[in-house]
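Here are the chains, one letter per residue:
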Amino acid sequence: MKDYKKDFVLFFNTIKKLNIPKRAILLILSIMIMSNVLSLAFPLFFGNIINGIVSKSFYTIKMNLLYMFLCFVVSTVLDYKNQKMIIKLSYSVELNIKEELFNSILEMPYSRVYKIDKGRLVNNIESDSTIFSSILFDNMNLVVQTISMIISLIFMVYISPILTLVTIVTFPITFMIYIYSGRMIKSKEIEYTKMHDSFMSFLYESLSGLKSIKIFKVENKWNEMFRKNVMDINEKNIEKFNVQLVTQVIIGVVTFLINNLNIILAIYLIFNGRLSLGMMTAFNEYSDRFKGVLLLLSKLNSKIQQVSVSLRRVGEIVDSESIGKIENVNDKERYNKIEKIEIKNLSHTTQSSIEVFKDTNINFYKNNIYLIKGASGSGKTSLLNILSKLIDEYTGEILINGIELKCYSEENLRNKVSYVTQDHYMFSISIRENISLYRDVPLEDIENICKRLNLHELIINLPNQYDTVINDEGLNFSGGQIQRVCFARAIVSNPDVYLFDEITSAIDQKNIEDVLRIIEEISANAIVLLATHENFKFNVPIIECSVMNKRIETNELNLLQNV
Ligand SMILES: Nc1ncnc2c1ncn2[C@@H]1O[C@H](COP(=O)(O)OP(=O)(O)OP(=O)(O)O)[C@@H](O)[C@H]1O
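This report concerns the structure included in the present document.

Reading the values: rules and limits
Residues numbered from 1 in each chain as written. Predicted model: local features only at pLDDT ≥ 70, side-chain atom pairs only at ≥ 80, totals over all residues. Heavy atoms only, no water. Salt bridge = Lys/Arg side-chain N within 4 Å of Asp/Glu carboxyl O. Helix = DSSP H or I, 4+ residues; strand = E, 2+ residues; numbered from the N terminus. Buried < 20%, exposed > 50% of the residue type's maximum accessible area, 1.4 Å probe, protein only. Pairing = 2+ DSSP bridges. Axes fitted to C-alpha atoms, helices over the stretch in contact; angles between N-to-C directions. 1 Å grid on protein atoms, 1.4 Å probe; cavity = no way out; pocket = protein on both sides within 12 Å on 5 of 7 lines; lining within 4 Å. Points joined across faces, edges and corners; volume = space filled by probe spheres on them. Phe/Tyr/Trp six-rings, centres within 6.5 Å; stacked < 30°, edge-to-face > 60°.

Examining the pattern of salt bridges
Between side chains of opposite charge, a pair can form when the charged atoms approach closely.
(1) Moving on: Tallying each qualifying case throughout the model produces 18 salt bridges.
(2) Moving on: Put simply, D514 and K510 hold a salt bridge, and the shortest N to O gap is 2.8 Å. Placement of the pair is D514 and K510 together in helix 19 (residues 509-522), with a separation of four residues, close to one helical turn.
(3) Moving on: For D514, a relative accessible area of 17% translates into the label buried.

Thoughts on the sheet that holds strand 8 (residues 527-531)
Sheet strands pair via backbone hydrogen bonds, and the direction of the pair is either parallel or antiparallel.
(1) Moving on: Across the sheet, which stays open at both edges, the six strands sit in the order 6-7-8-3-9-10 with mixed pairing between neighbours. In this open sheet, the two edge strands, each paired with only one partner strand, are strand 6 (417-420) and strand 10 (551-555). Ignoring strand direction, the axes of neighbouring strands in this sheet form an average angle of 20°.
(2) Moving on: When strand 3 (residues 368-373) meets strand 9 (residues 543-548), the two strands line up parallel, connected through four bridges. What sits directly across from K373, in strand 9, is S546.

A look at empty space enclosed by the protein
(1) Moving on: On inspection of all chains with the given rule, the structure shows two cavities of 30 Å³ or more.
(2) Moving on: Of the voids in this model, the largest cavity is the one considered here, and its volume is about 50 Å³.
(3) Moving on: As for the largest cavity, its lining consists of L163, N262, I263, A266, M280, F283 and N284.
(4) Moving on: Those elements that place two or more of their residues in the lining of the largest cavity are helix 10 (219-271) and helix 11 (277-318).

Points about the packing of aromatic side chains
(1) Moving on: Per the counting criterion, the structure on display carries eight aromatic pairs.
(2) Moving on: Seen in terms of ring centroids, F487 and F500 are 5.2 Å apart; in terms of plane orientation they differ by 40°. Their pairing is tilted. Of the two residues, F487 sits in helix 18 (residues 479-491) while F500 sits in strand 7 (residues 497-501), which places them 13 residues apart along the sequence. Across the pair, exposure class does not vary: F487 and F500 are buried alike.
(3) Moving on: Ring centres of F536 and F538 lie 6.2 Å apart, and the angle between their planes is 80°; this geometry places the pair in the edge-to-face category.

Here it is as structure tokens:
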């Protein structure tokens, strides 16, 4: 029962968060109730017609036929109008949830998103949101059906209290069955969603790694894994539906037995003149509706269990705090140029418990290029991830102009720190947008940097020049070209700190020279950190730092050596 209460609260809290038009919901609900009440009068009219036949009263037959026809027309029109409103509203609710989820994922600190299974995120947006929006209308239907159940009950009591008493005996029995089956369905649902999440991840990884799958000719193995995944999911689904089915069969058997008992009792009452044939037919109809609602509840119960699992998953994403949004930097400092970064007693351990840094100290100052060197896995990328706030799990202090990095919002940092990561990515948007990434950058600046990076000639020969869309009609750049576009993306906003991670790995010697000359220029007014395994020849003094034994240290001997 506690679980039901929790889910109930969660459901209404989520509804509150979403911008669902309450007036539309109320209107839909009222029409549903009206149409249902109208259809409930049918059995009574029908019963009266039968009684009219028995007593040969044509007037009764005629009038009841007319009432039935009128009720039918009005409830059909209402149903039609309502269905249209429901479809419109359900799509808008679904989109609303999807938007809220997608937004929450984008706002979430990267260190948190990184830990969440990507398949799960896709499932959150795609399937959890659909389940949630559908339950909203199922719940409305539940309200309507419950009302119709109560009205049916009133008619039943009006026709025959004894028969009604026999019918409602089923209630506690079915209720216990729902509670028990609900628990079973929920545990199956949790297992199923986990499997589905990992299946989505498998698909996501297979498509990302398609090249390797083809190169190493492991399509058969991947097919096998796909089949296994699908079969496991199917099995879990079948288990879940079996529980539902067994529940329905048990409830069906219970209601059948009670039905027969009712018929015997009704015949007895008719023989004793306490019930008419017409009213027996009407009672049967109402009790069928009454039991129909119970069956509907059993189906809905399994859906509610599914939704409660989805609700919790949606809640975990939507309610997650967005650390990156907190801004604790005063106005003066917000607009100041970054002059220095002081790292004091920095320690960082990965989520897989690898200690990358331990009590390390180092300072970085403006007008300098810092070459960050170190063996593979020593922590170069981790340092850049921490400085760009992609990772915020560290102890010690990182002071930017004397203020702790954690006090800067991601938004503020975005304008001050540019980071070119090892995974170079171009989006399916235009080249100009790929470089500006929707920041306020004049086309002229984009063209200038592209000229210096030998990209301009290539771009102006494309059909739509800088407005040409990547991935459209198969357009794509080579690895080195993409790397240069990502480099341009970091440069155009003119930040205070540049973080470059292996940015020349795919670039040829001639272009490397151009990139180095640009780095020299930008370092005149910025802090540049360049993580690399290469021995670059710079024309300005550089500071070489080595990352090893969980520390970052400046190698003073290398100062000026490259000049
Ligand atoms: N997301 C992560 N989750 C868990 N461990 C990680 C993660 N990223 C990196 N690590 C671990 O942190 C350590 C430092 O990795 P990092 O990528 O910073 O090294 P690196 O010096 O940049 O290596 P390379 O030169 O090969 O790029 C490694 O032991 C790595 O296994």
